[in-house]
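# Understanding the architecture of this molecule
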Amino acid sequence: MSRRARWIAAGTAMVLTVAAGLLWPRHDAGPPPSAAFAALPAGEKIARGAYLARAADCMACHTVRGGEQYAGGRALQTPFGAIVAPNITQDAETGIGSWTADDFWNALHNGRARDGRLLYPAFPYTNYTAITRDDADALYAYFRTIPAVSRRNQPHQLRFPYNTQAALAAWRALYFRPGVYQERKDRPAEWNRGAYLVEGPGHCSACHSARNALGGSGGELSGGLLPVLGWYAPSLASDAEAGLGSWPVDEIAQLLHTGVAPRAAVAGPMAEVVRESLQHLSAADVRAMAVYLKSLPATGNGHQPYERSKAPEAAAVLQAGAKLYDKHCAECHGATGAGAPPHYPPLAGNRTLTMPDATNAIRIVLNGGFPPGTRGNPRPYGMPPFSHALDDAEVAQVVSYLRSAWGNNAPPVSSVDVNRYRAVPLD
C-alpha cells in the first residue's frame, strides 16, 4: 500500500470513528430499575439519592462559591481551557427540570445531554457509567427535590479544537467505554461495595490517575499531577506513595472519614473531598472503601533509590535546611521528626516527603497544611503557611532537608521548583 493510500485509510478510519462517537448512542433509555427499587417509598428513594449525591460530591462542582446549591456557574480549569459546570436544579428552562429519568441515566451512563450533545469528561461520566440504574434513579429522585433556580448556563471557554463535538467524539472513541459495575463473585460483598463506591460514585481515579497530553487516563489509581491545580494525587497502589497495603483497615477508614490518622493527614483538594463527601458516608461504606483500597495490587511505580550527592554545595543546602527546621518546625514535629499524631503528623517516613514528586511538600510549606473540620475531628490542628516568612531558596532548603532526614531518601528540590508553585492558588 502506498503512503497516499495509507493516509487515506487512516483518515477514513478517523472520520468513521468520530461519526460513530457522535451518533451512538444518541439516547439510551437503559435498563429498567429493579422491582425492589420501584417498590420503595418515594422518601426512601430520595434519601438514597441524597446520600449518593454526597458520595459523588456533586455539589463541589455544580455550586459556585457563595451561590445557590446546584445552580452551576463554577469554572473548572483544565489544560484545554475552562469548563463551566451547568445548572442542575429543577428549573425547566435553564436547569434539568424537563429531564426524564432516562435522560438522567443517559448523562451518567453515556455522557450525553438530553438533546444528544456529548458532555465533557470534567463531568466524570467515565466513572459514573459504573452506577447502577437503581442508583441513577435514586439520584434523579433526589435532584427532583432541588428547588428551581433560573440561571442560564455559561459557555465553556475551551481552545480550538477542544471546543468541538468532533474532537470530543474522537476522545471518547479512544478513552471511554460505558459499562455498569459488575460484581466479582470471587470477592465478598464488602469488597464489592467498596470497589463500586471507589470506581463509580466516588470517581477516585479522576484525580488519582495519570493523564496524557489529551487528558486520557487508563483509570488506574497510579497517581498523577492535577493539572492547573498544582497538587499531586499520589498512587493508591504504590507503597512508595499512598499505597495502603501495609495500613490497618481501621486506619485507612479513619483517614477517609475524619481526614486524620496516626500515619497521615489529608490536605489540599483531598481535604475538601473528606469535608464535603466522605465524612458524610456511613461507617460501613467507608470501611468497605478501605477494604477495597487495601486490596489493590502493590506497584513500584518505577521509583529508583536516590543516591545523595556528597558535594559540599549539597551538604550546605541540607545544613541550612536543618537550621530552618529547628527554628520553624521542630516545636510541633519534634527534633526526630516523630510528630505528635494525629495533630502533628510524623515527618520521618512520611510519604508526602519521600515521594519523588515533591509538589505537595512544597505546597504545604508555602501555603500551610489544613486537615478538614469533620465530625470525627471537629477542631483540626493546622500548619501555618510560610510563604511570607521564607523565600524560594529557603523553602527549597527546608524541603530538601525534610526529604533527607530521619531515614527519608528523596531528591532535593530547587528554588525554581518552589517558585513554580508560589503563585498557584489554593483551589
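Residues numbered from 1 in each chain as written. Predicted model: local features only at pLDDT ≥ 70, side-chain atom pairs only at ≥ 80, totals over all residues. Heavy atoms only, no water.

## Brief notes about the overall build of the protein
We apply this condition: In DSSP terms, a helix is any run of H or I states spanning at least four residues, a strand is any run of E spanning at least two, and both are numbered starting from the N terminus. C-alpha atoms define the radius of gyration, and 2.2 Å times the number of residues to the power 0.38 defines the globule rule. Buried means the residue's accessible area, taken with a 1.4 Å probe over protein chains only, is under 20% of the maximum for its type, while exposed means over 50%, and partly exposed covers the values in between.
Across its full length, the protein holds 18 helices and seven strands. Here the C-alpha radius of gyration of the protein, 23 Å, is about what a compact globule of 427 residues would show, namely 22 Å. Seen through its C-alpha atoms, the protein measures out along the principal axes to roughly 65 × 65 × 45 Å. Counting across all 427 residues of the protein, residues that qualify as buried make up 44%.

## Quick notes on the confidence of the model for the protein
Basically, it comes down to this: Per-residue confidence from the predictor is given as pLDDT, running between 0 and 100. Note on contacts: a residue pair qualifies if any of its non-hydrogen atoms lie within 4.5 Å across the two residues.
With 92% of its residues at a pLDDT of 70 or more, the protein shows a mean pLDDT of 90. Here residues 7-14 is a poorly scored stretch, pLDDT under 50, and it has one contact once near neighbours within four places are set aside; other chains count. In this model, residues 16-20 is a region of pLDDT below 50 whose contacts with residues beyond four sequence positions or in other chains number four contacts.

## So, the sheet that holds strand 1 (residues 75-78)
Which entries qualify depends on this criterion: For two strands to pair, DSSP has to find at least two bridges joining them.
Strands sit in the order 1-2-3 across an open sheet of three strands; the sheet is antiparallel. Two strands in the sheet have a free side with no partner beyond their single neighbour: strand 1 and strand 3 (157-158). Sheet topology places strand 2 (residues 81-84) next to strand 3; two bridges connect them, and they run antiparallel. Within strand 3, the residue paired with Ala-82 across the bridge is Gln-157.

## Some points on helix 5 (residues 101-110)
Structurally, the α-helix is built with 3.6 residues per turn, so residues lying three or four positions apart point the same way. Counting buried positions along helix 5 yields eight of ten residues, so the element is predominantly enclosed. Residues of helix 5 that are buried include every one of Asp-103, Phe-104, Trp-105, Asn-106, Ala-107, Leu-108, His-109 and Asn-110, and no others. On its buried face, helix 5 sits against helix 6 (125-128), helix 7 (133-143) and helix 8 (165-175). Trailing helix 5 by a residue or two, Gly-111 shows a phi angle of about 70 degrees, which is positive.

## Thoughts on the pairing of strand 1
Going residue by residue along strand 1, you find Leu-76 and Thr-78 tucked away on one face and Ala-75 and Gln-77 left uncovered on the opposite face. Linkage of strand 1 to strand 2, two consecutive antiparallel strands, is achieved through a turn of two residues.

## Observations concerning the side chain of Asn-87
Note the threshold: Polar contact is defined as a pair of N or O atoms within 3.5 Å, subject to the rule that within protein one atom must be able to donate a hydrogen and the other to accept it, and that residues adjacent in sequence are counted only when both atoms are side-chain atoms.
Here Asn-87 lies in the loop between strand 2 and helix 5. A polar side-chain atom of Asn-87 sits 2.8 Å from the main-chain amide nitrogen of Thr-89. In this structure the side chain of Asn-87 is engaged in a polar contact, spanning 3.2 Å, whose partner is the side chain of Thr-94.

## Side note on a nonpolar patch on the surface
Threshold: Any residue with relative accessible area above 30% and no salt bridge may belong to a patch, with like charges joined within 9 Å and the nonpolar Val, Leu, Ile, Met, Phe, Trp and Tyr side chains within 5 Å. Only the protein chains shown count as covering a residue, and every accessible area follows the Shrake-Rupley method with a 1.4 Å probe. Here, a salt bridge means any side-chain nitrogen of Lys or Arg that lies within 4 Å of a carboxyl oxygen of Asp or Glu.
Judged by side-chain polarity, Tyr-162, Leu-174 and Leu-214 come together as a nonpolar surface patch covering roughly 280 Å² of accessible area. When you line up the elements, Leu-174 lands in helix 8. For Leu-174, a relative accessible area of 56% translates into the label exposed.

## A few points about the nonpolar core
Across soluble globular proteins, nonpolar side chains have a tendency to be buried as a group. Under the convention used in this document: Only buried residues count toward a nonpolar core. Its members are Ala, Val, Leu, Ile, Met, Phe, Trp, Tyr and Cys residues joined through side-chain atoms within 4.5 Å.
Core analysis: the largest hydrophobic core is formed by 68 residues, its most contacted members being Tyr-70, Leu-139, Phe-143 and Leu-293. In contact with Tyr-70, not counting residues within four places along its chain, are Ala-53, Cys-58, Met-59, His-62, Thr-63, Pro-86, Asn-87, Ile-88, Thr-89, Tyr-142, Phe-143 and Ile-146. Listed in part, the 24 residues of the second largest apolar core include Ala-330, Leu-366, Phe-386 and Leu-390.

## Some thoughts on the packing of helix 13 (residues 312-328) against helix 17 (residues 392-402)
Filter applied, for reference: A fitted line through C-alpha atoms serves as each axis, taken over the contacting stretch for helices, and the angle formed by two N-to-C directions is quoted from 0 to 180°. Each angle receives one of four descriptions, namely roughly parallel if under 35 degrees, roughly antiparallel if over 145, roughly perpendicular if within 65 to 115, and oblique otherwise. Gly is put with the polar residues, along with every residue not named as nonpolar or charged; the nonpolar set is Ala, Val, Leu, Ile, Met, Phe, Trp, Tyr, Cys and Pro, and the charged set is Asp, Glu, Lys and Arg.
Two elements in contact, helix 13 and helix 17, have axes whose closest approach is 7 Å; the angle formed by their N-to-C orientations is 95 degrees. By the angle class used here, helix 13 and helix 17 are roughly perpendicular. In contact with Val-317, Leu-318, Ala-320, Gly-321, Ala-322, Leu-324 and Tyr-325 of helix 13, helix 17 contributes Glu-394, Gln-397, Val-398, Ser-400, Tyr-401 and Leu-402. Across the contact of helix 13 with helix 17, the residue classes break down as nine nonpolar, three polar and one charged.

## Thoughts on the pattern of salt bridges
Under the definition given, this model contains 14 salt bridges. The shortest N-O distance in the salt bridge between Asp-115 and Arg-117 comes to 3.7 Å. On the basis of relative accessible area, Asp-115 is assigned to the exposed category, the value being 53%. As a salt-bridge pair, Arg-193 and Asp-285 come within 2.9 Å of each other at their nearest N and O atoms. With Arg-193 in helix 9 (residues 189-199) and Asp-285 in helix 12 (residues 283-294), this residue pair connects regions lying 92 residues apart in the sequence.

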